[in-house]
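Okay, here's what each chain looks like letter by letter:
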Amino acid sequence: MSRVAVLVSGGGTNLQALIDARTNGEMPHAKLVLVVASSGQAGALQRAQRAGIPARVIERADCAAQQEFDTRLLQLLRQYRIEVVVLAGFLSILGPVVLNHYAGRIINIHPSLLPAFGGQGFYGLRVHKAALERGVKITGATVHLVNEVVDGGEILMQQAVAVQPQDTPETLQRRVMEEAEWQLLPRAVELVCQRQEGGYAD
Ligand code: GRF
């Protein structure tokens, strides 16, 4: 079983999907051992507490530079002997210190079918607003490995969601979460943890 940390910045519905999947026996190779929030206000912290998962906060604003943030994060991940890192609505950028240490073992969920509507500046409702403005009829969610290119790492899984004529960014965001993200993320975490056990990473 791989030791997993979930990094969060917001409400944590994807974290909740992971907690529920674990409870329901859908992620037998993943053990959720740590939640790291980039803000003390993140609603995800309450979800971690309810589930009995240790949670820590590293505020990016408290760190003088990216490197200090990365060093503190890496220290924490090592302290908990983390093997797989999941970004579940984590809004801070990770620097090379963490990316190199966990190469091939950091996964992110993005609320569009990458490479559409991805990259710098595409986060939260902005992604869905851009999809509606472009008039796409199908959107969805992508789980991918994280590298130094924002939303540019190897795609692991995608799930499509139909756009409806009356959709607003808010309704589309909700449906993409319900119909794609919350199903996809636990499956992808299980996949990476399985690979990890098979000697996928050092
Ligand atoms: C999700 O839409 C996810 O795809 C994106 O950030 C959002 C996080 O939502 N990366 P939550 O905090 O998991 O509810």
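Further up the page is the structure itself.
The present account deals with the structure reproduced in this document.

The rules behind each value
Residues numbered from 1 in each chain as written. Predicted model: local features only at pLDDT ≥ 70, side-chain atom pairs only at ≥ 80, totals over all residues. Heavy atoms only, no water. Pairing = 2+ DSSP bridges. Helix = DSSP H or I, 4+ residues; strand = E, 2+ residues; numbered from the N terminus. Axes fitted to C-alpha atoms, helices over the stretch in contact; angles between N-to-C directions. Contact = heavy atoms within 4.5 Å. Core = buried A, V, L, I, M, F, W, Y, C linked by side-chain atoms within 4.5 Å. Buried < 20%, exposed > 50% of the residue type's maximum accessible area, 1.4 Å probe, protein only.

Here's the deal with the sheet that holds strand 4 (residues 84–87)
- Across the sheet, seven strands lie side by side as 3-2-1-4-5-6-7; this open sheet has mixed pairing. Two strands in the sheet have a free side with no partner beyond their single neighbour: strand 3 (55–57) and strand 7 (155–162). On average, each strand axis in the sheet is inclined to that of its neighbour by 20 degrees, with strand direction left out of account.
- One ladder, built from three bridges, connects strand 4 with strand 5 (residues 106–110); its direction is parallel. Across the sheet, residue Val85 finds its bridge partner in strand 5, namely Ile106.
- Against the sheet, helix 6 (residues 169–197) touches strand 1 (2–8), strand 2 (30–37), strand 4, strand 5, strand 6 (138–145) and strand 7, its axis set at about 160 degrees to strand 7.

What to know about the nonpolar core
- Judged by nonpolar contacts, the single largest core of 38 residues is most densely connected at Val6, Ile107, Leu185 and Val189.
- Looking at this core element by element, the count peaks at nine residues for helix 6.
- Other than its neighbours up to four places away in sequence, Ile107 contacts Val85, Val86, Leu87, Val143, His144, Leu145, Val146, Leu156, Leu185, Ala188, Val189 and Val192.
- Grouped together as the second largest cluster of nonpolar side chains are 23 residues, Leu34, Leu76, Leu94 and Val146 included.

Any functional reading would require information beyond the geometric quantities listed.
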